[in-house]
Amino acid sequence: FWCRHCHNEVMDTGCRDPKAAHQLDRFSVTRVVCGECSEEQSPRSDCRKCGHNFGNYFCQTCKFYDDDLSKGIFHCDGCGICRIGGRENFFHCANCGCCYAMQLRDNHK
């Protein structure tokens, strides 16, 4: 499967055997296969063998790939996930354990 969404659609939603149905936990991914040269390797931004770029954005923590940099994707260590909207537009509240828009920085309680 080329992405976790394709995997999940087939192996969870479209699976005829309920015992075999499952979703991919991308945080647990330890190996990826290059679609260009079939090299199996640890998750990374590009293929160690042929140099093929797997995605313009890559997060080693989330094992998340995306080609659309206009989304402003960033990883928040406090939340433990990748978010969209640009790091400069958000702050992480350690009390709540969540990110909020910068406009709420002085008004957030």
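Fair warning: this is a prediction, and the values are worked out from it, not measured in the lab.

K.L.:
An account of the pattern of salt bridges is requested, with residue identities and associated values reported.
P.N.:
Applying the stated rule across the entire model yields four salt bridges. Here Arg48 and Glu39 are joined by a salt bridge, their closest N and O atoms 3.0 Å apart. Overall, the relative accessible area of 46% leaves Arg48 in the partly exposed class. The partner of Arg44 in a salt bridge is Asp46, and the shortest N-O contact between them spans 3.4 Å.

K.L.:
Let's hear about the environment of Ser38: which residues, and what values?
P.N.:
Tracing the chain through its elements places Ser38 in the loop between β1 (32-33) and β2 (40-41). Given the relative accessible area of 56%, Ser38 is considered exposed. For Ser38 and Lys49, which are 11 residues apart along the polypeptide, the C-alpha to C-alpha distance reads 9.3 Å.

K.L.:
So what's going on with the pairing of strand β8 (residues 98-101)? Residues and values would help.
P.N.:
As paired strands, strand β7 (residues 90-93) and β8 are joined by four bridges and run antiparallel to one another. When the sheet's bridge partners are listed, His92 is paired in β8 with Cys99. Taking the residues that link successive antiparallel strands as the turn, the β7-β8 hairpin has four residues, and the phi of Gly97 there is positive, at about 70°.

K.L.:
Kindly report on the packing of aromatic side chains, identifying the contributing residues and their values.
P.N.:
As enumerated under the stated definition, the model contains five aromatic pairs in all. An aromatic cluster is built from Phe54, Phe58 and Tyr65, whose rings are joined through pairwise contacts.

Definitions and limits used
Residues numbered from 1 in each chain as written. Predicted model: local features only at pLDDT ≥ 70, side-chain atom pairs only at ≥ 80, totals over all residues. Heavy atoms only, no water. Salt bridge = Lys/Arg side-chain N within 4 Å of Asp/Glu carboxyl O. Buried < 20%, exposed > 50% of the residue type's maximum accessible area, 1.4 Å probe, protein only. Helix = DSSP H or I, 4+ residues; strand = E, 2+ residues; numbered from the N terminus. Pairing = 2+ DSSP bridges. Phe/Tyr/Trp six-rings, centres within 6.5 Å; stacked < 30°, edge-to-face > 60°.

Function cannot be read off these values alone, since they describe shape.
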